[in-house]
Amino acid sequence: MTFHISLVGNPNTGKTTLFNKLAGTRQKVGNWAGVTVDCKTGVFIRGSERVDMTDLPGIYSLNNQTGGMDETIARRFLTQEDYDVIVNVVDATNLKRNLKLTQELVALGRPMVIVLTMTDLARKLNIMPDVARLSKNIGVPVVDGYQQSMSELQATLLSLFHRLPTALDTLLQREASQPTPVRDISVWLHQVVTGRSQAKNITDKIDQIVLHPWLGIPIFLLAMYAMFAIAIGVGSLFIDPIDTFAGYWFVTFPSYWMTQLGVPDGLIVVLANGLGGGVQLVASFIPVIGFLYICLSILEDSGYMARAAFIVDRIMSSIGLPGQAFIPLLLGFGCNVPSIMATRSLTNVKQRMLTMAMAPFMSCGARLAVYVMFVSVFFRDKGGLLVFGLYLFGILVAVGTAWIFRKQLFRDVRVSVLMEMPHYHRPRWSNVGLSSWHKVRSFVLRAGKTIVLVSAILTILNAIPSWKASEEGAKPSALAQIGQMMTPIFSPIGMGEDNWPAAVGVFTGVLAKEAVVGTMDTLYTDMARADVSSSSENTLIEYESPLSNLLGVVALLGENLSGAVSTFTDPLGLTSVTEAKNQALTAGSYQMLVLFDGWKGAFSYLVFVLLYTPCAATIGALMKEGGLLWTIVIVAWSTSVAYVAAVFSFQLLTFASHPVSASLTLGLATAWLIAFIVALKVWVKPKVDKNIIAVG
Amino acid sequence: MVLSELQKNQIAVIREVTHPQEEMQRQLLALGFDPGENVQLMTKAPFGHTLQIKVGTTLVAMHSDDAKYVYLCDLL
């Protein structure tokens, strides 16, 4: 026999834990029709019997019309969908409030079972309800979900399901007799809890320290630092090995064998370098994202996340965001991709979209690589100051963005916080593991598509030759040729016509910001050698055997792990800035020094690189979390701001030499930014409500 | 007396909740802010604006702007 049950309950009741206990790994996450709210379904089988479970979002009430997507989904499911039994998950330590929802569920008149969770804590607090009495008072079977093992609980539930009247029976019965009104909670609770609660429980004790007026902030900073060091620091130790591994299996290996089999070069470039390279890029993000999700799940599951939000609430509310928005923004300094993904913790959609718009301005680790390169060439004396200034400038632009977007798009957003702070408990590894796994998987599947596409297009452009003949001064690739055509656009930010590698860097930087370094390094070195026709060099692939690749990966991993200690003392990798001073200038660097024509142009270029469009991977994450419209707005906005800021920087630095043209350029740039801000209100605002995305 | 005026660790009983915003009013009731229920101010966040309140056995974080709509019975 088959049953279809739905799990319903308040948030923080241990509903997910119960679901994981019953389903184990036999669960999957899909989408509710039409919205991107995760829909978890699972199954357990005992003998010939099968129980399908749907885990509904945690809700306090079915009647909150304005309560957001979660309530709507739960209400729609419970009243319209086809299911056999409601399993109401009730927190035994908080009966009175949990039973409010139970009242609404009983009123639905469907077959129902109540499972009590947190009964271990309830016993400890001496408020354990009398299960038999509660069941009698409500008229619904009640089960203690904590005490029983997985198999016992499955058996108990199944036997209860068999004894319940079927949905049809209840319906017929209700037709026949007047429905009895649902009784008051005080009647339900009559003589159920006989113990008297102990005055201080463990949560209150921990909160006294964690939320202490003085200790609260240092503890918060320590927790954030630990998360940052683990997610970004430890996660990035695995990037190189995974990158090498994926690069081998998706790019080198297929392209070698396709060459052997006589597949045309063009096709190899498209398949191996384009698509394979895209897959490689997605794979290289998995370790950081995986570690981040593990850290976030631990913070969430232990109950600390709500406290962290509480501590920084005041600071964040001054820019119109709740405390929870702090964590995504902080993560942005490591990598913008997990930062965008972490905005999920925000339940208010508009606040979430605002946070997404701010996140790309947090200067990520990849951009640091670009700064380091420029510091080594142009700013040897004041490198630290410059880098610090750029980070600070990014934060200022993010705050400005929040201010403008809020004024133009989300004027009605009220910063109100009304958030339950769950009891502390030890994180359950099954919860942490399963939730991280689901999220990494959905990143690979959904954001991966965009990343692969964008990177494939850029890689292919980079690999195919220019359409111009070499006598006309053709550049090594179509991408370089486009870069050359683009240089006039960048002349107001101080890029000379001959400085086309910098323009190409802007393009490859979209792929991944650190690609700016690789591109410029290669192109400037080529120019220095006055050997422009070396395009074939890039596509030439050295073949190695799978075994030697594997050995290389393991060696790389070992090397990275042995250097792990430094990631805890310097998770941002800022020591590289001081090291840059001592590097010798290469031929390429001299070329760079000549072409940028002094530090003013170089500085403006750095400002541009700091702010301009998020990289392909971040765009992928934005598409997944924010939808197409919001992604376009963010990309256009960040690129506009970057351009205008860079123009301002260069024109003001060189104002004395050409005051008239500088004033004109500055005026035009300002006009563009104003036009953009006006367009936000006129053109984007009416559309944004319809394109709004739901919470996952 | 209203909830935002409560001193740290003081316990009081809710008289009524009348938040002008319907959504907030509903959420407050759903979280257990019912007349007759005990409330206690556990702590204030740094810079004072956000409060940690225990209502019944539930811990809730809320702004003092919203807490002023929770009216309390006179303290014993």
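- Looking up chain A in an unreviewed UniProt entry gives the name Ferrous iron transport protein B, with the organism given as Marinomonas algarum.
- In its Function (unreviewed entry) section, the UniProt record describing chain A reads: "Probable transporter of a GTP-driven Fe(2+) uptake system."
- In its Sequence similarities (unreviewed entry) section, the UniProt record describing chain A reads: "Belongs to the TRAFAC class TrmE-Era-EngA-EngB-Septin-like GTPase superfamily. FeoB GTPase (TC 9.A.8) family."

1. Brief notes about the interface of chain B and chain A
Link 1 in the chain: Listed by partner, the interface residues are 33 residues for chain B and 34 residues for chain A.
Link 2 in the chain: Summed over both partners, the interface of chain B with chain A comes to about 2900 Å²; 55% of that surface belongs to carbon and sulfur atoms.
Link 3 in the chain: Salt-bridge contacts for A:Asp204 lead to B:Lys54; the nearest nitrogen and oxygen are separated by 2.7 Å.
Link 4 in the chain: Those elements that provide at least two residues to the side of chain B that touches chain A are helix 1 (22-30), strand 2 (38-44), strand 3 (50-55) and strand 4 (58-63) of chain B.
Link 5 in the chain: Per-element accounting of the side of chain B that touches chain A gives the leading share, 7 residues, to helix 1 of chain B.
Link 6 in the chain: Grouping the amino acids of the side of chain B that touches chain A by side-chain chemistry returns 14 nonpolar, 11 polar and 8 charged.
Link 7 in the chain: Examined bridge by bridge, strand 8 (residues 418-420) of chain A and strand 4 of chain B share 3 bridges and lie antiparallel to one another. By the bridge assignment, A:Glu420 is partnered in strand 4 of chain B with B:Val60.

2. Some details on the pairing of strand 4 (residues 49-55) of chain A
Residues and elements named next belong to chain A.
Link 1 in the chain: Most of strand 4 is tucked away: 5 of the 7 residues are buried.
Link 2 in the chain: Where strand 1 (residues 2-9) and strand 4 come together, 6 bridges link them in parallel fashion. The residue bridging Ser6 from the neighbouring strand is Thr54, located in strand 4.

3. Considering the environment of A:Thr665
Residue and element names in this part refer to chain A.
Link 1 in the chain: Within the secondary structure, Thr665 sits in helix 31 (residues 659-688).
Link 2 in the chain: Overall, Thr665 belongs to the partly exposed group, its relative accessible area being 21%.
Link 3 in the chain: Measuring from C-alpha to C-alpha, the distance between Thr665 and Gln651 comes to 7.8 Å, with 14 residues separating the pair along the chain.
Link 4 in the chain: Residues in contact with Thr665, not counting those within four places in the same chain, are Pro492, Val647 and Gln651.
Link 5 in the chain: At 2.6 Å, the side chain of Thr665 forms a polar contact with the backbone oxygen of Ser661.

4. Description of the UniProt feature "binding site: Mg(2+)" (unreviewed entry) in chain A
All names here are of chain A.
Link 1 in the chain: When the UniProt feature table is mapped onto this chain, "binding site: Mg(2+)" (unreviewed entry) is found at Asn20 and Gly24.
Link 2 in the chain: Within the secondary structure, Asn20 sits in helix 1 (residues 15-23).
Link 3 in the chain: Owing to a relative accessible area of 6%, Asn20 belongs among the buried residues under this scheme.
Link 4 in the chain: Summarising the element assignment, Gly24 is placed in the loop between helix 1 and strand 2 (27-31).
Link 5 in the chain: When sequence neighbours within four positions are dropped, the list of residues in contact with Gly24 reads Phe19 and Leu434.

5. Considerations on the environment of A:Gly30
Residue and element names in this part refer to chain A.
Link 1 in the chain: Here Gly30 is to be found in strand 2.
Link 2 in the chain: On the basis of relative accessible area, Gly30 is assigned to the partly exposed category, the value being 28%.
Link 3 in the chain: As for Gly30 and Thr41, which are separated by 11 residues in sequence, their C-alpha atoms are 7.8 Å apart.

6. Let's talk about the sheet that holds strand 1 (residues 11-17) of chain B
Link 1 in the chain: Taken together, 6 strands build an open sheet; the order of strands is 8(A)-4(B)-3(B)-2(B)-1(B)-5(B) and the sheet is antiparallel. Only two strands of the sheet have a single partner each, and these edge strands are strand 8 of chain A together with strand 5 (70-72) of chain B. Between one strand axis and the next, the sheet turns by 40 degrees as a mean value, whatever way the strands run.

7. What about the packing of helix 18 (residues 365-377) of chain A against helix 28 (residues 587-596) of chain A?
All names here are of chain A.
Link 1 in the chain: Axis separation between helix 18 and helix 28 bottoms out at 10 Å; the angle between their running directions is 85 degrees. With respect to each other, helix 18 and helix 28 are oriented roughly perpendicular. Across the interface between the two elements, Met373, Phe374 and Val377 of helix 18 pack against Ser589, Met592, Leu593 and Phe596 of helix 28.
Link 2 in the chain: Within the contact of helix 18 with helix 28, the residues separate by chemical class into 6 nonpolar, 1 polar and no charged.

8. Quick notes on the nonpolar core
All names here are of chain A.
Link 1 in the chain: Judged by nonpolar contacts, the single largest core of 131 residues is most densely connected at Phe374, Phe405, Phe596, Tyr605 and Trp630.
Link 2 in the chain: Among the elements that make up this core, the one with the highest residue count is helix 30 (residues 616-653) (14 residues).
Link 3 in the chain: Setting aside chain neighbours within four positions, we find Tyr605 in contact with Phe374, Met495, Ala502, Gly505, Val506, Val516, Met520 and Phe596.

Cut-offs and rules
- Residues numbered from 1 in each chain as written.
- Chains lettered and ligands numbered in written order.
- Predicted model: local features only at pLDDT ≥ 70, side-chain atom pairs only at ≥ 80, totals over all residues.
- Heavy atoms only, no water.
- UniProt positions renumbered as here; feature names shortened; annotations may be inferred.
- Contact = heavy atoms within 4.5 Å.
- Buried area = accessible area lost by both parts, 1.4 Å probe.
- Salt bridge = Lys/Arg side-chain N within 4 Å of Asp/Glu carboxyl O.
- Helix = DSSP H or I, 4+ residues; strand = E, 2+ residues; numbered from the N terminus.
- Nonpolar A, V, L, I, M, F, W, Y, C, P; charged D, E, K, R; others polar.
- Pairing = 2+ DSSP bridges.
- Buried < 20%, exposed > 50% of the residue type's maximum accessible area, 1.4 Å probe, protein only.
- Polar contact = N/O pair within 3.5 Å; in protein donor to acceptor, adjacent residues only side chain to side chain.
- Axes fitted to C-alpha atoms, helices over the stretch in contact; angles between N-to-C directions.
- Parallel < 35°, antiparallel > 145°, perpendicular 65-115°, else oblique.
- Core = buried A, V, L, I, M, F, W, Y, C linked by side-chain atoms within 4.5 Å.

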